[in-house]
Amino acid sequence: MEYRILGRSGLKVSALAMGTFSFGGRGPFAAIASQGVPEAARLIDCCIDHGVNLIDTANMYSTGLSEDIVGEVLADRSQDILISSKARMRIGDGPNDEGASRWHLIRECERSLKRLRRDHIDIYHIHEWDGQTPVEETMEALDSLIRQGKIRYAGCSNYTGWQVMKSLMASERANFQRFVTQQIHYTLEAREAEYELLPLSVDQGIGVTVWSPLAAGLLSGKHTRQQPVAPDSRQDRGWSEPPIRDQDRLWRIVDVLNEIAAAHDVEAAQVALAWTLTRPAVSSLIVGGTSVEQFEANFRALTLKLLPEDLQRLDAVSRPPQIYPLWHQSQFAAPRFGVADQSVAFED
């Protein structure tokens, strides 16, 4: 296993982390899987045996049941395993059962701690932007939780660039602990993060963790032009994330993934993961699975060395267009680009 520093912190996380989105199977999460404690224990043990030191969950995954299962399985395992969780999403019918207010975050953190059977959460994310709560209140709540020892580090997830920067500025002004990480969706098919979020992360020292790095299995090689919905996949069970706006582009990417995979005698999923691990500011990819075999296949991405021509082909088939103001800057500002500006490239 490879370990990477998480942003501008001293914390090292495994390059592949374990996602627990499939634990519990309560409500709409049943479309993913319904793994209970015995199944989860087998998968967690597999990940730990392969060197994974970060397990990701959230209070809204199966309405807390995922955290319950993680807590039960890890109760008699090493306390050195890092736990990442999140709050912000609606988890009840009350007026304060969602959001990033101080009231909601502190209550949900304390509930998560009980479910996880721990006295602290290692990385605690704001799961989504809340435009109705003052950002200063959110950052102060996170700072309080850090100072109380209930969380070690704070992060955000699914923010836009300006929302991340506003949060960082609020922390700096008040001398609060800042975000050290952001958890985002970023794949060969979905490279929008390169417009703002990745350069921002390079510039501000934010460690990126990636959720659903195989685009909910669409980049695994199981889905093809000839069979767009693989049998027994989450899409086969009605799951609709992530949105695919250009199906032909998706299949062009999958075609290249399969060709490169064949040349290396690996699977398309391993190629997709290996590519994402080369990207700027990326600290860890959060991978899920319903079997030990799926996880072991994903771990093989860590030993796959893509050739320069492989990276060029993958970039060419998936590179996003150069939108404004980037096309204007490329004409007039390129000689004075800094490291963050140069960390990504776009179609001309």
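Please refer to the structure placed before this passage.
Notes on the structure follow. Keep in mind that this is a model prediction, so the values were computed, not measured.

**What about unusual backbone geometry?**
In step 1: The linkage connecting Tyr324 with the following residue, Pro325, adopts the cis geometry, with an omega of 5°.
In step 2: Here Pro325 shows up in the loop between helix H10 (308-318) and helix H11 (326-332).
In step 3: Residues other than glycine seldom take positive phi values, yet Arg88 does so here, at roughly 145°.
In step 4: Exposure remark for Arg88: the relative accessible area of 14% places this residue in the buried category.
In step 5: Positive phi, close to 50°, is recorded for Ser212, a residue that is not glycine.

**A look at the state of the cysteines**
Disulfides are covalent bonds that link the sulfur atoms of two cysteine residues.
In step 1: Enumeration according to the criterion identifies 0 disulfides in this entry.
In step 2: Cys46 provides the cysteine sulfur closest to Cys47, a residue in no disulfide bond, and the two sulfurs are 5.3 Å apart.
In step 3: No disulfide involves Cys156; its nearest neighbouring cysteine sulfur is the one of Cys109, lying 17 Å away.
In step 4: Exposure remark for Cys156: the relative accessible area of 1% places this residue in the buried category.

**Considerations on the pattern of salt bridges**
In step 1: Tallying each qualifying case throughout the model produces 22 salt bridges.
In step 2: With a shortest N-O distance of 2.7 Å, Arg191 and Asp315 are connected by a salt bridge. Of this pair, Arg191 sits in the loop between strand S8 (179-185) and helix H6 (197-204) while Asp315 sits in helix H10; the two residues are 124 residues apart in sequence, bridging distant segments of the chain.
In step 3: Residue class for Arg191 comes out buried when judged on its relative accessible area of 2%.
In step 4: Asp315 gets classed as buried once you look at its relative accessible area, which sits at 14%.
In step 5: One network of salt bridges, with partners in common, ties together Arg191, Glu194, Arg279, Asp315 and Arg319.

**Side note on the packing of helix H4 (residues 135-147) against helix H5 (residues 161-174)**
In step 1: H5 packs onto H4 with a crossing angle of 65° between their chain directions and a minimal axis gap of 9 Å. Between H4 and H5 lies a crossing of right-handed hand. Taking contact as the criterion, the partners of Val135, Glu136 and Met139 in H4 are, on H5, Lys166, Ser167, Ala170, Ser171 and Arg173.
In step 2: Across the contact of H4 with H5, the residue classes break down as 3 nonpolar, 2 polar and 3 charged.

Conventions used here
Residues numbered from 1 in each chain as written. Predicted model: local features only at pLDDT ≥ 70, side-chain atom pairs only at ≥ 80, totals over all residues. Heavy atoms only, no water. Helix = DSSP H or I, 4+ residues; strand = E, 2+ residues; numbered from the N terminus. Buried < 20%, exposed > 50% of the residue type's maximum accessible area, 1.4 Å probe, protein only. Disulfide = S-S within 2.5 Å. Salt bridge = Lys/Arg side-chain N within 4 Å of Asp/Glu carboxyl O. Axes fitted to C-alpha atoms, helices over the stretch in contact; angles between N-to-C directions. Left-handed = near helix turned anticlockwise from the far one by under 90°. Contact = heavy atoms within 4.5 Å. Nonpolar A, V, L, I, M, F, W, Y, C, P; charged D, E, K, R; others polar.

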